[in-house]
Amino acid sequence: MVSCRCAETVLNMRSALVSAETLQLTLKPEAPRLEEQALTLQSSGWDKETGKHGNEDLKEMLESNKESLKLEAMKRVVGLIAKGKNASELFPAVVKNVASKNIELKKLVYVYLVRYAEEQQDLALLSISTFQRALKDPNQLIRASALRVLSSIRVPIIVPIMMLAIKEAAADLSPYVRKTSAHAIQKLYSLDPDQKEQLIEVIEKLLKDKSTLVAGSVVMAFEEVCPDRIDLIHKNYRKLCNLLVDVEEWGQVVIISMLTRYARTQFTSPWKEGFMFDDNEKTFYDSDAEEKKDQEETKPYTMDPDHRLLLRNTKPLLQSRNTAVVMAVAQLYWHLAPKQEVCIVTKSLVRLLRSHREVQFIVLQNIATMTIQRKGMFEPYMKSFYVRSTDATHIKTLKLEILTNLANEANISTILREFQTYVKSQDKEFAAATIQAIGRCATNISEVTDTCLNGLVLLLSNRDETVVAESVVVIKKLLQTQPTQHSDIIRHMAKLFDSITVSMARASILWLIGEYCERVPKIAPDVLRKMAKSFTAEDDIVKLQTVNLAAKLYLTNSKQTKLLTQYILNLGKYDQNYDIRDRTRFIRQLIVPSEKSGALNKYARRILLASKPAPVLESAFKDRERFQLGSLSHSLNSKANGYHELSDWPAVAPDQSVRNVDVIEPVKERAPALGKTRKNKSQDKFYSDEEDENEEEEEEGSESSESSSSSSEESCSESEEEEESEKSSGDSGKNSSSSEESDDSEQEEKKKAKQKKSKASADSGSDENGNGPVGHDSCSSAESSSESGSDSEDDSADSPPPQKKNANKSQSKVVMDNSKNQVSLLDLDDFSPVPVNTSQSSVLSPSLMSDLEGLSLSNMSPTLQVTSPTFSPVKTHELLHHMSGKGLSATYHFPRQPCLYQPSMVSVQLTLTNHSDQILEEIHVGERSPAGLSIHCFNTIERLQPEASVTVSMGIDFSDSTQAANFQLCTKEDQFNVSIQPGVGELLTPCTMTQQDFSKEQGKLMGMNETSATLSVSTAISSAHAVSNQVLSVANVGVVSSGSVSR
Amino acid sequence: MIHSLFLVNASGDIFLEKHWKSVVSRSVCDYFFEAQERATEPENVPPVISTPHHYLISVLRHRIYFVAVIQSEVPPLFVIEFLHRVVDTFQDYFGVCTEAAIKDNVVVVYELLEEMLDNGFPLATESNILKELIKPPTILRTMVNTITGSTNVGEQLPTGQLSVVPWRRTGVKYTNNEAYFDVVEEIDAIIDKSGSTITAEIQGVIDACVKLTGMPDLTLSFMNPRLLDDVSFHPCVRFKRWEAERILSFIPPDGNFRLLSYHVSSQNLVAIPVYVKHNITFREGSSQGRFDLTLGPKQTMGKAVEAVLVSSQLPRGVLNANLNPSQGTYTFDPVTKLLTWDVGKINPQKLPSLKGTMSLQAGASKPDENPTINIQLKIQQMAISGLKVNRLDMYGEKYKPFKGIKYMTKAGKSVSSYLFEFLFI
């Protein structure tokens, strides 16, 4: 016994060795290694004996008083169970230890109990009282594990006890115990289905649970026990949708598939004709419930808001690391989303292809089914389905299937070229599958039929037999679809006939010759002659076709073939295979006239030489559509146990109000808040206009003040040319307007025009890019310009004024950088009635616009790069004192990080502290002035405890001016006016550029850009470092190594 | 859901079985063995097999088949993903996932499997939670346990299990607070005979090793987040924040985890770092073939191409290869016809080449298929996609952690891999 223990210890040591750090390795001398080997030998020898009396030893150990011995014995028992050996005779000895204090021992006893309780029901009952006691334990882990084991013991007598325990646990305070009870429901149901009604009550109760921990498990129980009780879901539908993101990943899979089924019964089909949704609907409405409703009212089909809620809340899960979750969302979109939205799952599914082989297999199967119905979805990702030499064969064939499904007139040449390399693959099974795929492409796309056919004929001279055979079979099918003028191919195949040994191919050639024997009148009888010679040695399938050929030739060319046919029919009559004997008998009666043969004889020609319909070459995945994607049934292509079919959409949606719950939905709260920010955003030009106004007042006569204000901050590199053209456009605008209107009214006009403009471009962040003080690097500006291009295309459909603006924009893009472009636009737009501009705009088509964008991109200087902030000041400013704020105080500081809400915004961090002695509720940003001020508000703070503080970040677009941003900070009861005034330094963003670019930029700056500040630097600290620190504390600039501060 | 699990080794023996519901006889695996026999390669065993009463879903990793027995409809990916998670957990616990390691730790394995599934439904799969429930075996703990009689089974419910951040355990303490991030990229490319790229894509992951005290809240921002075409996150990443600001904000799990995996697909971004000149010919009628292969670096921005390994599956007719490498060593397996050439580092001044003859089976006709050439390599200090981490900030804790970012790229399925520079912020 002692030796055994030693062995165990050493074994553990050895296992640790593998993962041990070097330190531990060095600790271990050589000697124990040898010893260890000896011991393992010893112990293994000992193990063999255990078959007989080893269990006796274990029994003794289990009955001893020493805890360690018991544990040791239990470990070995578990080892036996793992190996699948029978240890049931130890049951009485083991069950005594169920009440052990040692947690590990107890757990191992549980393992044993669960395994053997079913076999030793009476003895198992001995342990029940222990579990009942443990169910009352204050430790939730012990309560949960007691329930787990109790419910896992499959002893029918204890069903009432289990039922009671489940009911109690379902009301437990600990969500973990409640989760365990959800699992126990399924166990009890499988043990005793009669308890269903009571269990459903528990499920109903647990479905109401708000804990994310419970949600997955209880839905699982629902699916197992009462999947048809859809009515239980109604009240919990919205809660489940909203919780979904926070549920653990396995629960997500179960909930999503349940909700898919639910939605198919409760909502009407979004696929109806006449249903049109914006392409950008997804991104657009994601956060905006308000606008969605407006949109829907105008449409013939209105999506149930709950339906939309489901789609919206599942979308982020496409980014899950769990492939099962991604697949579940993909199938949900496939089965529930409007056709236009399904495309968003494509990218994620393609990503899964990089995962493990098994994952690839399942995902490819599903993609194959999807590509049959919706080619367009995966076409852009065609190259992801190219076969790699390292792929397993079943992966290769699936990829081939998908490529074939994706083939169309446009990409067929690429696909065929790819197929050519596959045919040469060393994996012959795969090469054969490729040939079939080529055949399918040839029938589906008539343009390439001849090319494919020629290619296949070339393959007939391939050295590999399987390739040749497959080619023959495919050619046969192809010829059948268009039998005209292909007699030369048949002739060629007849020539090859001798060298082909694969019976399927030989049979195919014989059939072809027989079918088109009139086109090859000379060759056909000769082939029959050869066949007559070798008939007895052929395979059955070839024999059958020989008989067919003989019969057909007899009918068309009886003069030459009568004797041959009779010879073959005689051979067939005595063949071993009954099929062949039958066929021969039938054919003989049919074609050879005799007294007995009846009316059929007359029709022999029509029977045998009837024109046969061409075979349809279609995907093997065609019939898988009937199964829900991602399901086991889909993968197997046959209905699996417990598969719930997706119902068809109901014609009329059932009552929606069943899902109404009195509690307010959290999602609903968020939506209006975001809607607000959007509204503000759209007004931000209004504000920037005022700033322009100010500047113009200060700087009379400088036409391009606006452009200078932005370009100065921006310090992008543009050519002089750009500057000039822009100036001139500004000029013309100015002149014409000033002749018409007085200064004041001009400003008014401007405001209106800008508001209009900004509304149209409300969503294109890139427009704001231009005058943004915070960073966008060269890359992002390049992309954003393309974005704005596409946006403007969308906009152009809206209304005439924006269209004009867009045209202008694109035109100016030819020569201008993005930021400039926007500024000049403003000028042009202000005076839109001037006909000069409109005439230019009308000729620009969207495609031209994109061309032009390309030009503007190449104009960009590659050297512009925003550097990261080198210094973040710690200086905070007071926003609201707690005396004036009735206990609420607020301070702010500039973290000098690029604001991510919008590039043109400055990020501000706000620290809110509650100095009062009651809870402050609903702290949010209220009204702001100037009205157009663009602020990215922080989310409303629900409640702030006394003496608690919270830091939130917000973004404010100061429009490059130092004018203060005024807004209201509101609590539930009060409103406080506050204002944030930025220093000039905070509006800057550091950029790195070459000296050349810098001076070029500097040259372009107009006035109004200089800000000077005096720094008092004590003589003692004259190091460059100290100076730069001083500078950094006032302005957000980067440090250039040469010592010259940028800008 | 998952009824039972059988572990089958390469020679077709079941060496471990675990049942979560009533016992399923191991004879059910006969259907699996049948499929295994039919498959030419171990990888070709179909992952989903249907038997009269059960369904078998299997995963092959580390030359062990993990065969799960299912009785009713369940998404196959659910099971596959779970099985892979099991393998990952074993690897995490024992360092390796081999038959020997599993047999040595059979008790821990059993305890783990017991915790991971309840009634066939996943219960705890987060490594942080599992480690609190069942402590991984180390030499030290084994010693202490034998002396003191304490166990390596936790007595309390892991705190993560109940909290809103189930992936992190509470009360984490370190004396050295460090956070390391490895940006690992793989290029996956198919290049045709003439050297032009058919398809190329970059798959990247950010693996993190975070050892920080308390509940740190990290944000990681990129210089060029737009590069990331498609991403998937660890559950800890706040998705809304990423959507809005392109910043990774998260409370990290303790220890090693995969923060993010991403995909860069647009073809023009991908530069293949090496070129191959090859001339493999067989003459009709002769029993000799010529083999000539030269490698050279391309677009590596002055970084050395290292750990180059070339492998090629030669046609079946090849009996032997008599080659002469200018550097490194080569092996040719006459059974599998696999030629591997361990090149090592490519010296741009003296390009490595492998030249010589192949002898063909007498009388065999000229092979008409083209051998494919697979290349693996590493390049240090070079980011193939150009992704750069901008900064890493920590909120919520007072101390100043040591932060490190390592960029590196590994071999993809078809072509290559790299290693990048080391930088600290």
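All values reported here derive from a predicted model rather than from experimental measurement.

Quick notes on the rules
Residues numbered from 1 in each chain as written. Chains lettered and ligands numbered in written order. Predicted model: local features only at pLDDT ≥ 70, side-chain atom pairs only at ≥ 80, totals over all residues. Heavy atoms only, no water. Helix = DSSP H or I, 4+ residues; strand = E, 2+ residues; numbered from the N terminus. Buried < 20%, exposed > 50% of the residue type's maximum accessible area, 1.4 Å probe, protein only. Contact = heavy atoms within 4.5 Å. Areas by Shrake-Rupley, 256 points an atom, 1.4 Å probe, with all protein chains shown as cover. Axes fitted to C-alpha atoms, helices over the stretch in contact; angles between N-to-C directions. Parallel < 35°, antiparallel > 145°, perpendicular 65-115°, else oblique. Left-handed = near helix turned anticlockwise from the far one by under 90°. Nonpolar A, V, L, I, M, F, W, Y, C, P; charged D, E, K, R; others polar. Phe/Tyr/Trp six-rings, centres within 6.5 Å; stacked < 30°, edge-to-face > 60°. Pairing = 2+ DSSP bridges. Core = buried A, V, L, I, M, F, W, Y, C linked by side-chain atoms within 4.5 Å. Buried area = accessible area lost by both parts, 1.4 Å probe. Salt bridge = Lys/Arg side-chain N within 4 Å of Asp/Glu carboxyl O. Polar contact = N/O pair within 3.5 Å; in protein donor to acceptor, adjacent residues only side chain to side chain. Expected span 1.5 Å × (residues − 1). pLDDT = per-residue confidence, 0-100.

Student: It is not clear to me how the overall build of chain A should be interpreted in this structure. Could you clarify?
Tutor: From N to C terminus, chain A includes 49 helices and eleven strands. Relative to its full complement of 1047 residues, chain A shows a buried share of 56%. Long-range contacts, defined here as pairs at least 24 residues apart, represent 69% of the contacts in chain A between residues at least 6 apart. When the accessible surface of chain A is totalled, it reaches about 45,900 Å², and 52% of it is carbon and sulfur.

Student: Looking at this model, I keep getting lost on the packing of helix α18 (residues 305-314) of chain A against helix α19 (residues 323-336) of chain A. Mind explaining?
Tutor: In helix packing, the relevant descriptors are the interaxial angle and the interaxial distance, both defined with respect to the helix axes. Residue and element names in this part refer to chain A. Across the interface, α18 lies against α19 with an axial gap of 10 Å and an inter-helix angle of 150°. Put simply, α18 runs roughly antiparallel to α19. The chirality of how α18 crosses α19 is left-handed. Contact residues: His307, Leu310, Leu311, Arg312 and Thr314 in α18; Val329, Leu332, Tyr333 and Leu336 in α19. Residues of the contact of α18 with α19, tallied by class, amount to six nonpolar, two polar and one charged.

Student: Just to check I follow, could you spell out the packing of aromatic side chains for this structure?
Tutor: The description of two aromatic rings rests on the distance between their centres and on the angle between their planes. Residue and element names in this part refer to chain A. If you walk through the whole model with that rule in mind, you get 20 aromatic pairs over all chains. Seen from their ring centres, Tyr110 and Phe131 are 5.4 Å apart, and the 55° between their planes marks the pair as tilted. Note that Tyr110 is positioned in helix α6 (residues 103-116) and Phe131 in helix α7 (residues 121-134), a separation of 21 residues in sequence. You can call Tyr110 buried: its relative accessible area is 9%.

Student: Would you mind showing me how to read the sheet that holds strand β17 (residues 318-325) of chain B here?
Tutor: Sheet strands associate in pairs through backbone hydrogen bonding, adopting either a parallel or an antiparallel arrangement. Residues and elements named next belong to chain B. Read from one edge of the open sheet, four strands run β14-β15-β20-β17, paired in antiparallel fashion. In this open sheet, the two edge strands, each paired with only one partner strand, are β14 (274-282) and β17. In this sheet, adjacent strand axes meet at a mean angle of 15° when their direction is disregarded. The sheet contact formed by β17 and strand β20 (residues 353-360) spans seven bridges and is antiparallel. Residue pairing for β20: Leu323 is matched across the bridge by Gly356.

Student: Help me out: how do you make sense of the pairing of strand β8 (residues 949-957) of chain A in this one?
Tutor: Residues and elements named next belong to chain A. Alignment of strand β4 (residues 906-914) against β8, held across eight bridges, turns out to be antiparallel. In the sheet register, Leu910 faces β8, and the bridge partner there is Val952. Relative to β8, strand β6 (residues 934-936) is paired through three bridges, and the arrangement is antiparallel. Its bridge partner being in β8, His936 is matched across the sheet by Gly955.

Student: Before we go on, may I ask you to explain the nonpolar core in this structure?
Tutor: One broad trend across soluble globular proteins is that nonpolar side chains are buried collectively. Tyr112, Leu349, Phe419 and Ile591 of chain A together with Phe90 of chain B are the most contacted members of the largest nonpolar core, which has 262 residues in total. Once residues within four sequence positions are removed from consideration, Leu349 of chain A is found in contact with Met327, Ala330, Val363, Ile367, Met370 and Phe378 of chain A. In this structure, Phe181, Val231, Leu259 and Tyr262 of chain B belong to the second largest nonpolar core, which totals 39 residues.

Student: Please clarify how the interface of chain A and chain B should be interpreted in this entry.
Tutor: How big an interface is tends to be reported as the loss of accessible area on association of its parts. Chain A puts 107 residues into the contact, and the matching count from chain B is 113 residues. For chain A, the biggest contributors to the area lost against chain B are Trp250, Arg354 and Gln426 of chain A; these three give 9% of the whole. Put simply, chain A and chain B have nine salt bridges between them. Residue Arg148 of chain A is joined to Asp118 of chain B by a salt bridge in which the shortest nitrogen-to-oxygen separation is 3.7 Å. With nine residues, helix α1 (residues 2-19) of chain A is the largest single contributor of residues to the side of chain A that touches chain B. Residues belonging to the side of chain A that touches chain B are distributed by class as follows: 36 nonpolar, 40 polar and 31 charged.

Student: When you look at the side chain of Thr314 of chain A in this model, what are you seeing that I'm missing?
Tutor: Residues and elements named next belong to chain A. Locating Thr314 in the fold gives a position in helix α18. What makes Thr314 buried here is its relative accessible area of 0%. One polar contact links the side chain of Thr314 to the main-chain carbonyl oxygen of Leu310, over a distance of 2.9 Å. Once residues within four sequence positions are removed from consideration, Thr314 is found in contact with Leu244, Ile256, Val329, Leu332 and Tyr333.

Student: Any chance you could explain the sheet that holds strand β10 (residues 217-222) of chain B here in plain terms?
Tutor: Residues and elements named next belong to chain B. The three strands lie next to each other as β12-β10-β22, forming an open sheet whose pairing is antiparallel. Unpaired on one side and paired on the other, β12 (247-250) and β22 (389-395) mark the two borders of the sheet. For this sheet, the mean angle separating the axes of adjacent strands, direction not counted, is 15°. Here β10 runs beside β12; their pairing, made up of four bridges, is antiparallel. If you follow Thr219 over to β12, its bridge partner there is Ser249.

Student: What am I meant to see in helix α10 (residues 175-191) of chain A here?
Tutor: Note on helix geometry: an α-helix contains 3.6 residues per turn, so any two residues three or four positions apart are oriented the same way. Taking 1.5 Å as the rise per residue, α10 of chain A with 17 residues should run 24 Å; its terminal C-alpha atoms sit 24 Å apart, in good agreement. Of all 17 residues in α10 of chain A, 15 are buried, a share of seventy percent or more.

Student: Explain the side chain of His234 of chain A to me, please; I cannot follow it from the model alone.
Tutor: Looking at where His234 of chain A falls in the secondary structure, it is placed in helix α13 (residues 231-234). Not counting residues within four places of it along the chain, the set of residues in contact with His234 of chain A comprises Tyr262, Gln266, Val658 and Arg659 of chain A.

Student: Any chance you could explain the confidence of the model for chain B here in plain terms?
Tutor: Close inspection of predicted coordinates is inappropriate for parts of the model with low pLDDT. Residues and elements named next belong to chain B. Summing up the model confidence of chain B, the mean pLDDT is 79 and the portion of residues at 70 or higher is 84%. Low pLDDT (under 50) marks residues 414-425, which in the prediction has 77 contacts with non-local residues, meaning those over four places away or in another chain. Scored as a complex, the prediction yields pTM 0.66 and ipTM 0.87.

Student: What am I meant to see in the pattern of salt bridges here?
Tutor: A side chain with one charge may pair with a side chain of the opposite charge, provided their charged atoms come close. Under the counting rule described, the total for this entry stands at 44 salt bridges over all chains. The salt bridge involving Asp231 of chain A is made with Arg229 of chain A; its shortest N-O contact spans 3.1 Å. Note on Asp231 of chain A: relative accessible area 41%, which makes it partly exposed. Between Asp582 of chain A and Arg585 of chain A there is a salt bridge, and its shortest N-O distance comes to 3.5 Å. One end of the pair, Asp582 of chain A, and the other, Arg585 of chain A, are both in helix α33 (residues 578-591), three residues apart, so they sit about a helical turn from each other. Via salt bridges that share partners, Lys107, Arg148 and Lys187 of chain A together with Lys18, Glu114, Glu115 and Asp118 of chain B belong to a single interconnected network.

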